Amino acid sequence: MYFNVSQLLKEMGGAFRTYDVNDFASLVDGAPMTPISGVVKMMRTDAGIWVSAQLTTYVDCECSRCVADMEQFVRMEIEEEYLPEVDVNTGARLNFPDAMAENFYIDQTHMLDMSEAIRQYFGFSMPFKPVCSDECKGLCLTCGADLNDTSCSCDNVIRDPRWGPLLAFALPNEPHYN
Ligand SMILES: [Zn+2]
Ligand SMILES: [Zn+2]
């Protein structure tokens, strides 16, 4: 997802642009392009451009409980400052002594590429265990029946022997600071 920011870079701090986005991005390295939509606001800062974006997408995945195919709605709230590699007026290479490896950059043709930020924010916005519905009952651990469609007669009371001895310990009292 690219934006040409050469004009915005020539403006004063505080100048901004707002874009309605209907675009495609690869959410995971090597994955096919997925539709993304939302609003991107870009504001000129002293050093570069501050990007505030609210983006949403749907990804195809499997329910972590019943393994049915499902679509997961994912919302990303991106807040990042992008630093220009070159001065937009002179073309001189810029140095940011305090910049860190994880900073994002605007390339020498003044294109701001949000692809990497989208991948990173997708990584922490996508639920680790997606579920088709909060009420999904999942599969029977014993016979594999889909408990949303049917019930089975398996005895699935969990008796995990690892916890038995620990249950005997009461939680310690909270410390007091007098
Ligand atoms: Zn499910
Ligand atoms: Zn069963």
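The structure presented is a predicted model; accordingly, all values stated were derived computationally and were not measured.

Asker: Can you tell me about the overall build of the protein, naming the residues and giving the values?
Answerer: Helix and strand counts for the protein stand at two helices and seven strands. Along the protein, helices and strands appear, N-terminal first, in the series β-α-β-β-β-β-β-β-α. Here the protein holds 178 residues, and the buried ones make up 31% of them. Pairs at least 24 apart in sequence give 49% of the contacts found in the protein among residues at least 6 apart. Just so you have it, the protein exposes about 12,200 Å², and 54% of that area is on carbon and sulfur atoms.

Asker: Explain the coordination of the zinc ion (ligand 2) to me, and be specific about the residues and the numbers.
Answerer: Distances from the zinc ion (ligand 2) to its protein donors, namely Cys140 (SG), Cys143 (SG), Cys152 (SG) and Cys154 (SG), fall within the range 2.3 Å. Note that the zinc ion (ligand 2) binds four donor atoms; their angles at the metal cover 105 to 113°, and the shape is tetrahedral. In the primary sequence, the donor residues of the zinc ion (ligand 2) line up as C-x2-C-x8-C-x1-C.

Asker: I'd like a description of the packing of aromatic side chains, backed by residues and values.
Answerer: Inspection of the entire model under this criterion finds four aromatic pairs. The cationic tip of lysine 41 hangs over the ring face of phenylalanine 16; the distance from NZ or CZ to the ring centre is 4.5 Å.

Asker: Account for the coordination of the zinc ion (ligand 1), naming residues and giving values.
Answerer: Around the zinc ion (ligand 1), the protein contributes the donor atoms Cys63 (SG), Cys66 (SG), Cys132 (SG) and Cys136 (SG), at 2.3 to 2.4 Å from the metal centre. In the primary structure, the donors to the zinc ion (ligand 1) are separated according to the pattern C-x2-C-x65-C-x3-C. Of this pair, cysteine 63 sits in the loop between strand 4 (49–62) and strand 5 (69–84) while cysteine 136 sits in the segment after helix 2 (115–125), and the two are 73 residues apart along the sequence. On the basis of relative accessible area, cysteine 136 is assigned to the buried category, the value being 7%.

Asker: Could you give me a rundown of the side chain of glutamate 80, with the residues and numbers involved?
Answerer: Considering the arrangement of structural elements, one finds glutamate 80 in strand 5. Look at glutamate 80: it is buried, it has no salt bridge, and the nearest opposite charge is arginine 119 at 13 Å. At 2.7 Å, the side chain of glutamate 80 and the side chain of tyrosine 121 are in polar contact. The residues contacting glutamate 80, other than those within four sequence positions of it, are Ile49, Trp50, Val51, Phe104 and Tyr121.

Asker: Provide a residue-level description of the environment of methionine 33, including the pertinent values.
Answerer: Tracing the backbone shows methionine 33 in strand 3 (residues 33–44). Each C-alpha atom of the pair methionine 33 and aspartate 23 lies 9.3 Å from the other, and the pair is ten residues apart in sequence. Look past the residues within four positions of methionine 33 in its chain and what remains in contact with it is Phe24, Ala25 and Ser26.

What counts and what doesn't
- Residues numbered from 1 in each chain as written.
- Chains lettered and ligands numbered in written order.
- Predicted model: local features only at pLDDT ≥ 70, side-chain atom pairs only at ≥ 80, totals over all residues.
- Heavy atoms only, no water.
- Helix = DSSP H or I, 4+ residues; strand = E, 2+ residues; numbered from the N terminus.
- Buried < 20%, exposed > 50% of the residue type's maximum accessible area, 1.4 Å probe, protein only.
- Contact = heavy atoms within 4.5 Å.
- Areas by Shrake-Rupley, 256 points an atom, 1.4 Å probe, with all protein chains shown as cover.
- Donors = N, O, S within 2.8 Å, 3.2 Å for Na, K, Ca; no water.
- Tetrahedral: all angles 85-135°; square planar, octahedral: opposite > 155°, others 65-115°.
- Phe/Tyr/Trp six-rings, centres within 6.5 Å; stacked < 30°, edge-to-face > 60°.
- Lys NZ or Arg CZ within 6 Å of the ring centre and 35° of its normal.
- Lys, Arg positive; Asp, Glu negative; His and termini not counted.
- Salt bridge = Lys/Arg side-chain N within 4 Å of Asp/Glu carboxyl O.
- Polar contact = N/O pair within 3.5 Å; in protein donor to acceptor, adjacent residues only side chain to side chain.

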